[in-house]
Amino acid sequence: MDSNETEETIRTLFNACESDKVESLLVQCADWGINIRMFLNGQLLELDLMKNYEGYEVTFVEDRDKGPVQIDELSDLLGVTGMS
């Protein structure tokens, strides 16, 4: 999946949420990984995703107490963030 497809997949995923409000969604694909910033239900949420052999490692940038989480596919992002 190239960076344009990855960005579109992430945007579609977060914009399809029914019970959560996503605003100001920014998705940046870089050589090192993917940065996602948004306001989720009025709160800033910033995620860094790094591709690895098992899928993606997700780091919650603003929540230093929360360790990285491993996900298999991009669709698993909703579960990791507690969104529906």
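Just so we're clear, the structure is a prediction, and the values are computed from it rather than from any experiment.

A. Representation of unusual backbone geometry in the model. Even without being glycine, S24 reaches a positive phi, approximately 50 degrees. With respect to the secondary-structure elements, S24 resides in strand β1 (residues 22–29). The residue N41 is not glycine, and still its phi comes out positive at about 55 degrees. By the element assignment, N41 lies in the loop between β2 (34–40) and β3 (43–52).

B. View of the environment of N52. Along the chain, the position of N52 falls in strand β3. Judged by relative accessible area, which is 27%, N52 ranks as partly exposed. Residues N52 and I71, 19 residues apart in the sequence, show an inter-C-alpha distance of 9.9 Å. Not counting residues within four places of it along the chain, the set of residues in contact with N52 comprises E57 and Q70. Within the local environment of N52, its side chain forms a polar contact with the backbone nitrogen of E54, the two atoms lying 3.1 Å apart. Here Q70 takes part through its side chain, which lies 2.9 Å from a polar atom of the side chain of N52.

C. The packing of aromatic side chains, seen in detail. For the structure shown, the criterion picks out 0 aromatic pairs. A cation over a ring is seen here: K51 above Y56, with NZ or CZ 4.8 Å from the ring centre.

D. Fine view of the side chain of N35. Within the secondary structure, N35 is located in strand β2. Assessed through its relative accessible area of 6%, N35 is described here as buried. One polar contact links N35 to E46, side chain to side chain, over a distance of 3.1 Å. Here the side chain of N35 touches D48 through a polar contact of 2.6 Å, side chain to side chain. Beyond its immediate stretch of four places on either side in the chain, N35 contacts L26, V27, Q28, E46, L47 and D48.

Reading the values: rules and limits
- Residues numbered from 1 in each chain as written.
- Predicted model: local features only at pLDDT ≥ 70, side-chain atom pairs only at ≥ 80, totals over all residues.
- Heavy atoms only, no water.
- Helix = DSSP H or I, 4+ residues; strand = E, 2+ residues; numbered from the N terminus.
- Buried < 20%, exposed > 50% of the residue type's maximum accessible area, 1.4 Å probe, protein only.
- Contact = heavy atoms within 4.5 Å.
- Polar contact = N/O pair within 3.5 Å; in protein donor to acceptor, adjacent residues only side chain to side chain.
- Phe/Tyr/Trp six-rings, centres within 6.5 Å; stacked < 30°, edge-to-face > 60°.
- Lys NZ or Arg CZ within 6 Å of the ring centre and 35° of its normal.

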